[in-house]
Amino acid sequence: MSLFAPRDPDEYLLDTERRVIRIRRHWATLLWDSFETAALLAIAVMVSYLLPPSLWVLQNVLWYAALLVILRFIWIVMEWWVETLVVTDKRFIMTKGIFTTKVLMMPISKVTDLTYKRTAAGRMLGYGTIIVESAGQIQALNHIDYLPKPEQFYDTISELVFGDKKAQAERFSMIKAQRAARGKRAVK
């Protein structure tokens, strides 16, 4: 494992847990930062074009500033890429961070209510927001923005939280049995 590579979120799962969902936030979360970066670079190009050649020091400063804008955008994209949300049959786990990994966790058993929200832009681009209310206090993962395929996420979480626990256990044991059967066939 690389020194700077974040841990895989699946490494935080217990042996008794089953992963149900693993996603990263929708790419639309990067839209504003993309617009900002493009606008700042366009301004840098225009100012550079308008500056006389005798102000070469100012030109250099301007292009170093443009380089910092690009590096900032690369950092934002890397942060987006490593942030992962995993939902198991027992808890929500979100991992984030490039050099310092931060792990947020909330037990599924604490969820008392789910709210699903989707704006017009979210409907067009395919993302939404889930607000998770829990018993007693505000949890680390109470407001999750820019979720891709939010209807499926909402339905799956609703089934985990409010569905028939016995049916879920039977389905889980059937899935394990099917995987084991496929694994044995692959060995032959």
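For clarity, every value in this text was computed on a predicted model and none was experimentally measured. (Residues numbered from 1 in each chain as written. Predicted model: local features only at pLDDT ≥ 70, side-chain atom pairs only at ≥ 80, totals over all residues. Heavy atoms only, no water.)

J.: Before we go on, may I ask you to explain the overall build of the protein in this structure?
T.: The number of helices and strands found in the protein is five helices and seven strands. Element order for the protein, N to C, with α for helix and β for strand: β-α-α-β-β-β-β-α-β-β-α-α. Split into buried and exposed, the 188 residues of the protein put 32% on the buried side. Considering only intrachain contacts with a sequence separation of at least 6, the fraction spanning at least 24 residues in the protein is 54%. (Helix = DSSP H or I, 4+ residues; strand = E, 2+ residues; numbered from the N terminus. Buried < 20%, exposed > 50% of the residue type's maximum accessible area, 1.4 Å probe, protein only. Contact = heavy atoms within 4.5 Å.)

J.: I keep staring at the confidence of the model for the protein and nothing clicks. Help me out?
T.: Here the protein averages 83 in pLDDT, while 81% of its residues score no lower than 70. Mean pLDDT values for the elements of the protein range from 57 in helix α5 (residues 165-187) up to 94 in helix α1 (residues 31-50). Across residues 184-188, where pLDDT falls below 50, the model places zero contacts with residues more than four positions away in sequence or in other chains. (pLDDT = per-residue confidence, 0-100.)

J.: Help me understand α1, please; the structure alone is not making it clear to me.
T.: Given 3.6 residues per helical turn, the α-helix brings residues three or four places apart onto the same face. Its 20 residues place the ends of α1 29 Å apart at the C-alpha level, agreeing with the 28 Å of an ideal helix rising 1.5 Å per residue. Within α1 the residues assigned to the buried category are D33, T37, A44 and S48. Down the axis of α1, the smallest arc covering the buried residues is 40°, so these residues share one side. Opposite the buried face of α1, at more than 90 degrees from it, the exposed residues are W32, F35, M46, Y49 and L50. Summarising the contacts, the buried residues of α1 are in contact with α2 (56-82). (Expected span 1.5 Å × (residues − 1). Arc of directions from axis to C-beta.)

J.: Any chance you could explain the nonpolar core here in plain terms?
T.: A general trend in soluble globular proteins is that nonpolar side chains are found buried together. L85, V87, F92, F153 and I157 are the most contacted members of the largest nonpolar core, which totals 20 residues. Counting only elements with at least two residues in this core, the list comes to β1 (19-23), β2 (84-88), β3 (91-96), β4 (102-107), β5 (111-117), β6 (127-134), β7 (143-148) and α4 (150-162). The dominant element in this core, judged by the number of residues it contributes, is α4, at four residues. When near neighbours in sequence (up to four residues on either side) are disregarded, I157 contacts I21, V87, F92 and L114. (Core = buried A, V, L, I, M, F, W, Y, C linked by side-chain atoms within 4.5 Å.)

J.: In this structure, what is going on with the packing of α1 against α2? I would like to understand it.
T.: What describes two packed helices is the angle between their axes and the distance between those same axes. Interaxial distance between α1 and α2 falls to 10 Å at its minimum, and their mutual angle equals 170°. Considering the angle they form, α1 stands roughly antiparallel to α2. For the pair α1 and α2, the contacting residues are D33, S34, E36, T37, L40, L41, A44, V45, V47 and S48 in the first and Q59, L62, W63, A66, V69, I70, R72, F73 and I76 in the second. Here the contact of α1 with α2 is built from residues that sort into twelve nonpolar, four polar and three charged. (Axes fitted to C-alpha atoms, helices over the stretch in contact; angles between N-to-C directions. Parallel < 35°, antiparallel > 145°, perpendicular 65-115°, else oblique. Nonpolar A, V, L, I, M, F, W, Y, C, P; charged D, E, K, R; others polar.)

J.: Looking at this structure, how should I read α2?
T.: In this model α2 runs 39 Å from its N-terminal to its C-terminal C-alpha over 27 residues, within 8% of the 39 Å that 1.5 Å per residue would give. Along α2, the residues that are buried comprise Q59, L62, A66, V69, I76, W80 and V82. For α2, the secondary structure elements touched by its buried residues are α1, β2 and β3.

J.: How do you make sense of the side chain of R91 when you look at a structure like this?
T.: The residue R91 is located in strand β3 in this model. Within the local environment of R91, its side chain forms a polar contact with the side chain of E17, the two groups lying 2.7 Å apart. Once residues within four sequence positions are removed from consideration, R91 is found in contact with Y12, L13, L14, E17, V86, M105, M106, P107 and I108. (Polar contact = N/O pair within 3.5 Å; in protein donor to acceptor, adjacent residues only side chain to side chain.)

J.: Can you walk me through the sheet that holds β3 in this structure?
T.: Hydrogen bonds between backbone atoms are what pair the strands of a sheet, whose relative direction is either parallel or antiparallel. Here four strands make up an open sheet; going across it, the order is β1-β2-β3-β4 and the pairing antiparallel. Single-partner strands in this sheet number two, and they are β1 and β4. Adjacent strand axes in the sheet meet at a mean angle of 15°, parallel and antiparallel pairs treated alike. Sitting on the sheet, α4 is in contact with β1, β2 and β3, with an inclination near 150° to β1. (Pairing = 2+ DSSP bridges.)

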